[in-house]
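For reference, the chains in residue letters:
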Amino acid sequence: VIDCLVEIVPIRYTRPDEKTGREVSDTHPISFLSVRDFILQLKKHFPNLRSAGFDRWQSSELIEELIAAGIDAKSLPFTAAQQLALFTQHRALVYNDLVQSLPSQTKTPDGRPRAEAEFSDLQEVRPGKIDHKENGGSKDSADAIVIACHLALELSAATMRCRIFV
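**Q** Could you clarify how one ought to interpret the overall build of the protein chain in this entry?
**A** Along the backbone of the protein chain there are five helices and six strands. Order of helices (α) and strands (β) in the protein chain, N terminus to C terminus: β-β-α-β-α-β-α-α-β-β-α. When the 166 residues of the protein chain are sorted by exposure, 25% land in the buried category. For the protein chain, contacts bridging at least 24 residues in sequence account for 41% of all contacts bridging at least 6.

Structure below.
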């Protein structure tokens, strides 16, 4: 059971472009210290918090600190083939009503729920490679949801000693 899925996203703001003077969208950098502190606070409130997963981007020190605090933190790099398998597995779960997503409070610039928009904008950009359409979008939320579902399946299989065929 996934009790909580937290996605840390940069805060967006607009600023004038130095060269053109036009308004452009930009993001503030993410504070990894704040992310670590947030996860440690979650652990205090939810003692059954067992694991945290991160992409490889600048996360090694954060992972080490969380492991020292008793959280099974790990980097989750996936090849294109593994990502395709994860998204295929997730699609099967959705189509068979075995997983449901809570409504997303975060919206895209065009007003759609972020996670829903990311899933609908995904495509196989070349054989074996899943990515967003060429609209410059992100698939961070979709990645987080798919990986969390996969890890939950692995955890339930390991702890309940059952087999899950997807």
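**Q** In this structure, what is going on with the pairing of strand β3 (residues 51–54)? I would like to understand it.
**A** Within a regular strand, the side chains alternate between the two sheet faces. Burial of β3 is one-sided: the residues Ala52 and Phe54 facing one way are buried, the residues Ser51 and Gly53 facing the other way are not. As judged from the four bridges shared by β3 and strand β4 (residues 72–75), these two strands associate in the parallel manner. What sits directly across from Phe54, in β4, is Ser75.

**Q** Help me understand helix α1 (residues 32–45), please; the structure alone is not making it clear to me.
**A** What sets the pattern is the α-helix's 3.6 residues per turn: residues three or four places apart point alike. Along its 14 residues, α1 runs 20 Å from first to last C-alpha, staying within 8% of the 20 Å computed at 1.5 Å per residue. Every buried residue belonging to α1 is among Val35, Arg36, Ile39 and Leu42, and all of these are buried. Seen from one end, α1 has its buried residues packed into an arc of 120°, which puts them on one side. For α1, the exposed residues lying more than 90 degrees away from the buried face are Leu33, Lys44 and His45. The secondary structure elements touched by the buried residues of α1 are β3 and α2 (60–68).

**Q** Hey, could you run me through the environment of Thr88 in this one?
**A** Residue placement: Thr88 occurs in helix α3 (residues 80–95). Taking C-alpha positions, Thr88 is 9.6 Å from Val146, a pair spaced 58 residues apart along the chain.

**Q** Is there a simple way to think about the nonpolar core in this case?
**A** Across soluble globular proteins, nonpolar side chains show a tendency to be buried alongside one another. Counting nine residues, the largest nonpolar core consists of Val35, Ile39, Ala52, Phe54, Leu62, Ile63, Leu66, Ile71 and Ala73. Broken down by secondary-structure element, the contributors of at least two residues to this core are α1, β3 and α2. With three residues, the top contributor of residues to this core is α2. Discounting chain neighbours no more than four positions away, the residues touching Ala52 are Leu66, Ile71, Asp72, Ala73 and Lys74.

**Q** What is the right way to read the pattern of salt bridges from this model?
**A** Proximity of charged atoms lets side chains of opposite charge pair with each other. Counted under the stated rule, the structure contains five salt bridges. The partner of Asp110 in a salt bridge is Arg112, and the shortest N-O contact between them spans 3.2 Å. For Asp110, a relative accessible area of 54% gives the class exposed. A single network of salt bridges, built from pairs that share partners, joins Arg36, Asp37 and Glu65.

**Q** Before we go on, may I ask you to explain the confidence of the model for the protein chain in this structure?
**A** Reading predicted coordinates in detail is not appropriate for stretches of low pLDDT. Averaged over the protein chain, the pLDDT score is 77; the fraction of residues at 70 or greater is 80%. In the model of the protein chain, helix α5 (residues 140–160) stands out as the element of lowest mean pLDDT, 74, in contrast to α2, which has the highest, 89. Predicted confidence is poor over residues 162–166, with pLDDT under 50, and the contacts of this stretch with residues over four places away or in other chains come to nine contacts.

Rules of the game
- Residues numbered from 1 in each chain as written.
- Predicted model: local features only at pLDDT ≥ 70, side-chain atom pairs only at ≥ 80, totals over all residues.
- Heavy atoms only, no water.
- Helix = DSSP H or I, 4+ residues; strand = E, 2+ residues; numbered from the N terminus.
- Buried < 20%, exposed > 50% of the residue type's maximum accessible area, 1.4 Å probe, protein only.
- Contact = heavy atoms within 4.5 Å.
- Pairing = 2+ DSSP bridges.
- Expected span 1.5 Å × (residues − 1).
- Arc of directions from axis to C-beta.
- Core = buried A, V, L, I, M, F, W, Y, C linked by side-chain atoms within 4.5 Å.
- Salt bridge = Lys/Arg side-chain N within 4 Å of Asp/Glu carboxyl O.
- pLDDT = per-residue confidence, 0-100.

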